[in-house]
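Architecture and fold: a report
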Amino acid sequence: NSVTAGIVSAKGRSLPDDGYVPFIQTDVAVNPGNSGGPLFNLDGEVVGINSQIYSRTGGYQGVSFAIPIDMAMDVSGQLQAKGHVTRGRLGVGIQDMDQALAQSFGLEAPHGALVTSVEDGGPADRVGIKAGDVIVSFNGHPVDAAGALPALVGASAPGKTVPVEIWRGNS
């Protein structure tokens, strides 16, 4: 058994291969073969499961990622109840807003997820979401940055109707 101390440097991080998990970024040493251990806070509570590193060499380079415990518990509950995990899907491509984009859309500050593409016949297309829309709220939760949207969408049940607030142009 071993333990390492680390600092959380960011929450809600997304990795190129996994958009549904809002990873906790830390400097805990996670190397191939030793992931899966708990990430504790200073009160001794488990706040995540150390999951992976993201590096060019495959070795630890000071950055690792943990799955937030609430997401791990949701997956566990779904596996126990249904034997598999389901996630909602919106069918859009998105990108972050920067100050220049926000100004061009008439927004005071950069927030939300800019829709760059909409899947033909997908859920977003069926309700009229268009490329160029900015998703600012999903199911009652504000979307501060594009990286927050996939986890919110994934947490919704497939087929469930949820409110989505968009900003379209200067309206």
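Residues numbered from 1 in each chain as written. Predicted model: local features only at pLDDT ≥ 70, side-chain atom pairs only at ≥ 80, totals over all residues. Heavy atoms only, no water.

1. Let's talk about the overall build of the protein
Operational definition: Numbering of helices and strands starts at the N terminus; helices are DSSP runs of H or I of at least 4 residues and strands are runs of E of at least 2. Burial status follows relative accessibility: with a 1.4 Å probe on protein chains alone, a residue under 20% of its type maximum counts as buried, one over 50% as exposed, and anything between as partly exposed. Contact criterion: two residues are considered in contact whenever any of their non-hydrogen atoms come within 4.5 Å of each other. Residues scored as positive are Lys and Arg, those scored as negative are Asp and Glu, and His as well as the terminal groups of each chain are ignored. Charge placement uses NZ in Lys and CZ in Arg. For Asp and Glu, CG and CD serve respectively.
For the protein, the helix and strand inventory stands at four helices and 10 strands. The order of α-helices and β-strands along the protein, N terminus first, is β-β-β-β-β-α-β-α-β-α-β-β-α-β. In terms of overall dimensions, the protein has C-alpha extents of about 55 × 40 × 35 Å along its principal axes. Buried positions account for 29% of the 171 residues belonging to the protein. The contacts in the protein between residues at least 6 apart in sequence include a share of 46% that link residues at least 24 apart. In the protein, the 10 positive side-chain charges and the 16 negative ones have mean positions that sit 6 Å from each other.

2. A few points about helix α1 (residues 69-82)
Rule in force here: Each residue after the first adds 1.5 Å to the expected span of a helix.
Its 14 residues place the ends of α1 20 Å apart at the C-alpha level, agreeing with the 20 Å of an ideal helix rising 1.5 Å per residue. Gly83 occupies a position one or two residues after α1 and carries a positive phi of about 85°.

3. Overview of the environment of Phe40
Within the secondary structure, Phe40 sits in strand β3 (residues 38-40). The residues touching Phe40, leaving out its near neighbours within four places in the chain, are Glu45, Val46 and Val47.

4. A few points about the nonpolar core
Selection rule: By convention a nonpolar core is built from buried Ala, Val, Leu, Ile, Met, Phe, Trp, Tyr and Cys residues, the set being connected through side-chain atoms within 4.5 Å.
Counting 12 residues, the largest nonpolar core consists of Leu90, Ala113, Val115, Ala124, Ile129, Ile135, Phe138, Val143, Ala146, Leu149, Val153 and Val162. Those elements giving two or more residues to this core turn out to be β7 (113-118), β8 (134-138) and α4 (149-155). When residues no more than four places from it in sequence are discounted, the contact partners of Leu149 are Leu90, Ile94, Ala113, Ile135, Phe138 and Val143. Listed in part, the seven residues of the second largest apolar core include Met97, Ala102, Leu114 and Val136.

5. Quick look at the pattern of salt bridges
The condition is simple: By salt bridge we mean one thing: a side-chain nitrogen of Lys or Arg within 4 Å of a carboxyl oxygen of Asp or Glu.
Per the counting criterion, the structure on display carries two salt bridges. Across the salt bridge formed by Arg89 and Glu119, the nearest N and O atoms sit 2.8 Å from each other. Of this pair, Arg89 sits in the loop between α1 and β6 (92-96) while Glu119 sits in the loop between β7 and α3 (123-126), and the two are 30 residues apart along the sequence. Between Arg168 and Asp133 there is a salt bridge whose closest N-O contact spans 2.7 Å. With Arg168 in the segment after β10 (164-167) and Asp133 in the loop between α3 and β8, this residue pair connects regions lying 35 residues apart in the sequence.

6. Some remarks on the environment of Gly140
Looking at where Gly140 falls in the secondary structure, it is placed in the loop between β8 and β9 (141-142). Gly140 sits 93 residues away from Val47 along the chain, and the two C-alpha atoms are 24 Å apart.

7. A word on the side chain of Asp133
What counts is decided by this rule: We call two N or O atoms a polar contact when they sit within 3.5 Å, provided that within protein one can donate a hydrogen and the other can accept it, with sequence-adjacent residues counted only if both atoms are side-chain atoms.
Residue Asp133 is classed as buried on the basis of its relative accessible area, which comes to 2%. Within the structure, Asp133 has its side chain in polar contact with the backbone nitrogen of Lys130 (distance 2.8 Å). Those residues in contact with Asp133 that lie beyond four places of it in its chain are Ala113, Leu114, Val115, Gly128, Ile166, Trp167 and Arg168.

8. Section: unusual backbone geometry
Despite not being glycine, Asn139 shows a phi value in the positive range, around 55°. On the basis of relative accessible area, Asn139 is assigned to the partly exposed category, the value being 29%.

9. So, the pairing of β8
Let me state the cut-off plainly: DSSP calls a pair of strands paired once it identifies at least 2 bridges connecting them.
Most of β8 is tucked away: five of the five residues are buried. The pairing of β7 with β8 spans two bridges and is antiparallel. Opposite Leu114, over in β8, you have Val134 as the bridge partner. By the bridge criterion, four bridges tie β8 to β10 in an arrangement that is antiparallel. Counterpart to Ser137 in the pairing with β10 is Glu165. Counting the residues between successive antiparallel strands, the hairpin from β8 to β9 contains two residues, one of them, Asn139, with a positive phi of roughly 55°.

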